[in-house]
Amino acid sequence: MYSVVATTEFQIAGIIRLLSRLVTFITLIQLVTGNQPDFDPSSASSLHHLYDFEVDFHGIPNDDSQAVLEHNTKIFSDILKYNASKNSLLFPDKTFHFYPGVYGSNIVDFNLLINGTLRFHRPKVTKVNHWDRPEPCILLEDSKNIVVTSPDAANYNVQQQNMEHGYIDYDYGIKKRGIIDGHGSDYWGVPFIGYIQLIEFRPDLLVMNRTSNVLIEYLILRDSGLYTMFLLDVENLEVRYTSIVARRTHEDGHSLLDLSAFNTDGIDVSGNNVYIHDVDIWNQDDCIAVKDSFLAESTNMLFERITASGLGLTVGSIGGTVVRNITFRDSFLYKTYKGIYMKFRHDMDRDTPGLVENVLFENITMYEPEQWGIWIGPAQQSINANPCHANPCSLCWPTVPFATCDGIQESQFRNITLRDIKIYHPLGSPGVILADDSNPIQDIVFDNVIVTNRVPDIIQRIDRQRLFFGLSEPIQDSYMHPIKVWIYMAGFCIIIVGLCLVMVFFLIRLLRLLMGRWKKSGDSTMKSPHDDEVPNLANTLTQTKTMCLMIFTVLVASFVQRIISTSEETYDDHEYFRCQGVVNGIAMGSTWPVPSCFEDVTESNKG
């Protein structure tokens, strides 16, 4: 009796295994012939199921051939289209290659689990979306209850949290985390030349639009072509224990070669109820930026324990929308290009005034900001092949003559507080505070905003590798081979010298042309028996040539002197370079230096 039952069960199990192998064989034939199986929405389980990208959907790892790139990209998009809701998708500890354009919408209750690397490559033909922009690498829209994490690191953190209430994972960087790699050097190209070719026609790395209840944690986001995280009109978002890096060299700062990776923002976010904490960001544009909301207002956001180096902790650029109730606190900026950065732009799409109010920066420490420690005013940017084009404030301002920077008439900052801000050894002026007099900044307070060249020993001895876990990632930029860098530098020098020689050549030709005409005119009027005045004409021409050269020399010297004097002002750490368009500005506590357009109620002034 028992033997018959056991034999029957064994036969049934064998039949099931045979059928399973048959299905797998048919699927493999479909993959080989290029007929990939469609994902039927009805096949998705109503229960939460864990899928493996390689095992369950036949994703191919460790191969970046064109066929595999197209294959993996299609499978990833199909999973998000049909099998994502109420399920989890795991990428094992391998490298999977894709093209940009992975898209999902209307997803509910989905976990994206990354233990390996997702690497995106530049296609030969860039696909554009309905905004006429390159498709992001990954885009999720109109979804809710989304988790993007590295399960190995996250599970360890859960164990720690269970042991200790209020646990903060200060060592998140030493854990094995998943990587999303945008392969940005494919778009950055030859320094500056690549930017002139593409401007901002480059894909963002991870984009979420109109999505709610989102957790992003334990990731490394590396070398985005454009914005790294672009989180638009999100509701109830938390980002934590994540590293973002976009750089081209190993420089301990932001060299011109690094800055040629323009517009590689770290986290750009708009919406409501946002909490971003315990992240490190090293990039070449805004590290964190509060952006316009297209649905309502950007409001109720807290950013804390941020380590950043780039263009700083930013509110903006803001056009004709409202941003309010924003707090940055307990953060450290290391050799950042800009530090605290608040900016308006001209909004061509909305005919409404912009407003930024109720913003607090508290307990922020900066070490050696390279340009401006504090900037509150117009956006200093150029969305143009000409880097000196003012949009609305020129990147070349104030050093280059004729570069402009004016306040925005249609927008206003209101109720802004900077408290307990320390700026150690700035390489330039403390900053710029600039608004249009017709719409000034109202109610701005500097409380214990201190600029000093006395750097504490603990900061001087700081190890940036322990601050920025993302810097442990290798630089994969084929354009930055040392030999190529020397070629670039030599090429730029040749171009500059060549332009100077061309200018001198045309100037000499112009002088010769003028002298020739003057000589002919003199010869026609000086023909007489008395030729004593001919030597006088030659002397006059020589004096004219000398005078022209002197005028040219004076103009060049004045130009150079203007640049030097302006540079000296921008590098004067004893006063703010510009303070204009402020009403009810108050400096209090131990603030130093006091902006010239503020009321001084500091302790030193009271004494």
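Residues numbered from 1 in each chain as written. Predicted model: local features only at pLDDT ≥ 70, side-chain atom pairs only at ≥ 80, totals over all residues. Heavy atoms only, no water.

A. Looking closely at the pairing of strand 1 (residues 49-52). With four bridges connecting them, strand 1 and strand 2 (residues 87-91) associate as parallel partners. Note that in strand 2 the partner of D52 across the bridge is L90. In terms of handedness, the path from strand 1 via helix 2 (residues 66-83) over to strand 2 forms a crossover that is right-handed. (Pairing = 2+ DSSP bridges. Helix = DSSP H or I, 4+ residues; strand = E, 2+ residues; numbered from the N terminus. Right-handed = clockwise from strand over helix to strand, strands pointing away.)

B. Main features of the packing of aromatic side chains. Under the counting rule described, the total for this entry stands at 30 aromatic pairs. Note on F53 and F98: the rings are 5.9 Å apart at their centroids and 55 degrees apart in plane angle, and the pair reads as tilted. You can see F53 sitting in the loop between strand 1 and helix 2 and its partner F98 sitting in strand 3 (residues 95-98), a full 45 residues away along the chain. Here F53 falls in the buried class, since its relative accessible area comes to 0%. Ring geometry for F91 versus F98: centroids 6.2 Å apart, planes at 80 degrees, classification edge-to-face. A single burial state applies to F91 and to F98, both of which are buried. (Phe/Tyr/Trp six-rings, centres within 6.5 Å; stacked < 30°, edge-to-face > 60°. Buried < 20%, exposed > 50% of the residue type's maximum accessible area, 1.4 Å probe, protein only.)

C. Layout of the nonpolar core. Within the largest apolar cluster, 86 residues are counted, with the highest numbers of intra-cluster contacts made by F76, I216, F303, V315 and F361. Sequence-distant contacts of F76, defined by excluding residues within four places in its chain, comprise F53, L89, F91, F98, V102, L112, L118 and I138. In this structure, W397, A403, C405 and L434 belong to the second largest nonpolar core, which totals 12 residues. (Core = buried A, V, L, I, M, F, W, Y, C linked by side-chain atoms within 4.5 Å. Contact = heavy atoms within 4.5 Å.)

D. View of the side chain of K343. Position of K343 relative to the elements: it lies in strand 19 (residues 338-344). In terms of polar contacts, K343 uses its side chain to reach the side chain of D286, at 2.9 Å. Contact partners of K343, with chain neighbours within four places excluded, come to D286, T314, V315, G316, S317, I318, G377, P378, A379, Q381 and F413. (Polar contact = N/O pair within 3.5 Å; in protein donor to acceptor, adjacent residues only side chain to side chain.)

E. The arrangement of the pairing of strand 17 (residues 313-318) in detail. Counting buried residues along strand 17, six of its six residues qualify, which places the element largely inside the surrounding structure. Relative to strand 17, strand 15 (residues 288-290) is paired through three bridges, and the arrangement is parallel. Looking at the pairing, A289 lines up with T314 of strand 17.

F. Structural detail: the environment of H346. Examined against the element boundaries, H346 turns out to sit in the loop between strand 19 and strand 20 (354-367). On the basis of relative accessibility, which here comes to 37%, the residue H346 falls in the partly exposed class. Distance in space between the C-alpha atoms of H346 and G320 is 8.0 Å, their sequence separation being 26 residues. In this structure, H346 is in contact with P392, I408 and E410, ignoring residues within four places of it in sequence. A distance of 2.9 Å separates the side chain of H346 from the side chain of E410, its partner in a polar contact.

G. The arrangement of the pattern of salt bridges in detail. Under the defined criterion, the tally for this structure stands at 27 salt bridges. Note that E368 is salt-bridged to K335, the shortest N-O span being 3.8 Å. One end of the pair, E368, is in the loop between strand 20 and strand 21 (372-378); the other, K335, is in the loop between strand 18 (322-334) and strand 19, with 33 residues separating them in the sequence. A cluster of three or more residues bridged by salt bridges with shared partners is formed by R119, D181, R222 and E473. (Salt bridge = Lys/Arg side-chain N within 4 Å of Asp/Glu carboxyl O.)

H. Geometry of the state of the cysteines. Under the criterion given, the structure shown has three disulfides. A sulfur-sulfur distance of 2.1 Å marks the disulfide that ties C393 to C405. Measuring the twist about the S-S bond at about -110 degrees, one finds the C393-C405 disulfide to be left-handed. Of this pair, C393 sits in the loop between strand 21 and strand 22 (411-424) while C405 is found in the loop between strand 21 and strand 22, placing the two residues 12 residues apart along the sequence. No difference in accessibility class separates C393 from C405, as the two residues are buried. Residue C579 pairs covalently with C597 via a disulfide, S to S 1.7 Å. What sets the handedness of the C579 and C597 disulfide is the S-S torsion sign, and at about -55 degrees it is left-handed. Linking C579 in strand 25 (residues 578-580) with C597 in the loop between strand 26 (582-589) and strand 27 (599-602), this pair joins segments that are 18 residues apart in sequence. (Disulfide = S-S within 2.5 Å.)

I. Quick look at helix 2. Taking 1.5 Å as the rise per residue, helix 2 with 18 residues should run 26 Å; its terminal C-alpha atoms sit 25 Å apart, in good agreement. Taken residue by residue, helix 2 has V68, L69, H71, N72, T73, I75, F76, S77, D78, I79, L80 and N83 as its buried positions. (Expected span 1.5 Å × (residues − 1).)

J. Fine view of the environment of R247. Along the chain, the position of R247 falls in the loop between strand 13 (229-245) and helix 6 (256-259). For R247, a relative accessible area of 4% gives the class buried. A sequence separation of 24 residues divides R247 from D223, and the C-alpha atoms of the two residues are 7.1 Å apart. Sequence-distant contacts of R247, that is, excluding residues within four places in its chain, are made with W188, D223, D258, W282, Q284, R464, L471, E473 and I475. Of note is the side chain of R247, whose polar atom sits 2.9 Å from the backbone oxygen of L471.

K. Looking closely at a nonpolar patch on the surface. Residues V502, F505 and F506 make up a contiguous nonpolar surface patch of about 310 Å² in total accessible area. By the element assignment, F505 lies in helix 9 (residues 482-525). Look at F505 and you get partly exposed, because its relative accessible area is 46%. (Patch = residues over 30% accessible without salt bridge, like charges linked within 9 Å, V, L, I, M, F, W, Y side chains within 5 Å. Areas by Shrake-Rupley, 256 points an atom, 1.4 Å probe, with all protein chains shown as cover.)

L. Inspection of the confidence of the model for the protein chain at higher detail. Looking at the protein chain as a whole, its pLDDT mean stands at 85, while 81% of the residues score no less than 70. For residues 1-13, every residue scores under 50 in pLDDT, and the model assigns this stretch one contact once sequence neighbours within four places are set aside. pLDDT under 50 marks residues 15-46. Its contacts with residues more than four places away, or in other chains, come to 27 contacts. (pLDDT = per-residue confidence, 0-100.)

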